[in-house]
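What follows is the residue order along each chain.
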Amino acid sequence: MTDTAHALIVVDVQRAFVIGADAVPGHQALMGAVGVLVERARAAGAPVIFLQNDGPEGAPDQPGTDGWALALDVRPGGIVLRKTDDDGFEGTALEALLRERSVEAIALCGVLSEMCVAATARAALDRGFTVLLPHDAHATYDVPPGPGGSPGVPAALAARAAEWSLGDEIVIPGAADEVVFGQPV
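Residues numbered from 1 in each chain as written. Predicted model: local features only at pLDDT ≥ 70, side-chain atom pairs only at ≥ 80, totals over all residues. Heavy atoms only, no water.

## Some remarks on the overall build of the protein
For the protein, the count of helices and strands is five helices and eight strands. The helix and strand sequence of the protein, counted from the amino end, reads β-β-α-α-β-β-α-β-α-β-β-α-β. Radius of gyration (C-alpha) of the protein: 16 Å, near the 16 Å computed for a compact globule of 185 residues. Once the C-alpha set of the protein is aligned to its principal axes, its extents read approximately 50 × 35 × 30 Å. (Helix = DSSP H or I, 4+ residues; strand = E, 2+ residues; numbered from the N terminus. Rg over C-alpha atoms; globule rule 2.2 N^0.38 Å.)

## Some details on the pairing of strand 3 (residues 48–53)
Counting buried positions along strand 3 gives six out of six residues, so the element sits mostly inside the fold. Residue alternation in strand 3 divides its side chains into two sets, Val-48, Phe-50 and Gln-52 and Ile-49, Leu-51 and Asn-53, and both sets are buried. By the bridge criterion, five bridges tie strand 3 to strand 4 (residues 79–83) in an arrangement that is parallel. Across the sheet, the residue bridging to Asn-53 is Lys-83, located in strand 4. (Buried < 20%, exposed > 50% of the residue type's maximum accessible area, 1.4 Å probe, protein only. Pairing = 2+ DSSP bridges.)

## Side note on the pairing of strand 2 (residues 7–11)
When you tally the buried positions in strand 2, you get five out of five residues, the bulk of the element. Because side chains alternate across strand 2, one face comprises the buried residues Ala-7, Ile-9 and Val-11, and the other comprises Leu-8 and Val-10, equally buried. Taken together, the five bridges between strand 2 and strand 5 (residues 105–111) define a ladder with parallel strand orientation. The residue of strand 5 that forms the bridge with Val-10 is Cys-109.

## A few points about the nonpolar core
Counting residues in hydrophobic clusters, the biggest one holds 31 residues, and the most contacted among them are Leu-8, Val-10, Leu-37, Val-111 and Phe-181. Within the residue set of this core, elements represented by two or more residues are strand 2, helix 1 (15–18), helix 2 (27–44), strand 3, strand 5 and strand 8 (179–181). Take this core: its biggest share by element is seven residues, from helix 2. (Core = buried A, V, L, I, M, F, W, Y, C linked by side-chain atoms within 4.5 Å.)

## Description of the pattern of salt bridges
In a structure, side chains of opposite charge can pair up when their charged atoms sit close to one another. Here the structure, examined in full by the defined rule, presents nine salt bridges. With its nearest N and O atoms 3.4 Å apart, the salt bridge here joins Arg-75 to Glu-39. Of the two residues, Arg-75 is situated in the loop between strand 3 and strand 4 and Glu-39 in helix 2; the sequence distance between them amounts to 36 residues. A relative accessible area of 39% means that Arg-75 is categorised as partly exposed. Here Glu-100 ties to Arg-101 by a salt bridge, and the two come within 3.6 Å at their closest N and O atoms. Among the residues examined, Glu-100 registers a relative accessible area of 60% and is labelled exposed. One salt-bridge network, held together by shared partners, links Glu-39, Arg-42 and Arg-75. (Salt bridge = Lys/Arg side-chain N within 4 Å of Asp/Glu carboxyl O.)

## Focus: the environment of Arg-127
One can find Arg-127 in the loop between helix 4 (113–126) and strand 6 (130–132). A relative accessible area of 27% means that Arg-127 is categorised as partly exposed. Leaving out residues up to four positions away in the same chain, Arg-127 has contacts with Asp-87, Phe-89, Glu-95 and Arg-99. (Contact = heavy atoms within 4.5 Å.)

## Focus: unusual backbone geometry
The amide bond that connects Val-111 to the next residue, Leu-112, takes the cis arrangement and shows omega of -20°. The topology assignment puts Leu-112 in the loop between strand 5 and helix 4. Phi at Asp-12 takes a positive value of approximately 55°, unusual for a residue other than glycine. Positive phi values are uncommon outside glycine, yet Ser-102 reaches one of about 60°. Checked against the element boundaries, Ser-102 lands in the loop between helix 3 (94–100) and strand 5.

Put into structure tokens, the structure is as follows:
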């Protein structure tokens, strides 16, 4: 299956979530898949937009802390948009940047699957963008046991449930290396 995206949005790939003991489970594999997407997008001349979450005071992603720093090299001319909402479009110039470049289809990757990744995907769909969410390019944490004795949910299953919750409109390639980047027609 070949899926074509015109831009890549890297959601909250910040040190607090992908490096060290407090990283999401499977963070090395995640970073490999995200790296594939970033390199493919750059090679095709597609914009790579990094969303950076500004967490509240005391949070692992509090601005100015080591955990808040992006875990990937943005490179000169790279685009970084800071946000305070799960939805990467809310309160940012993301939509304007995409529209200025005539982007119709985006690939999304990053963390956390059920929070910022899913919220940004829903917002993109609501704005008429085609959304590709490679299965191996997003992740989250294990869900702890809940009320009434409900069992915990392993991170990989929580990430899959986040994909499923986005409905039939989203495209879910099995792996990052299935995503092709190109220019809008």
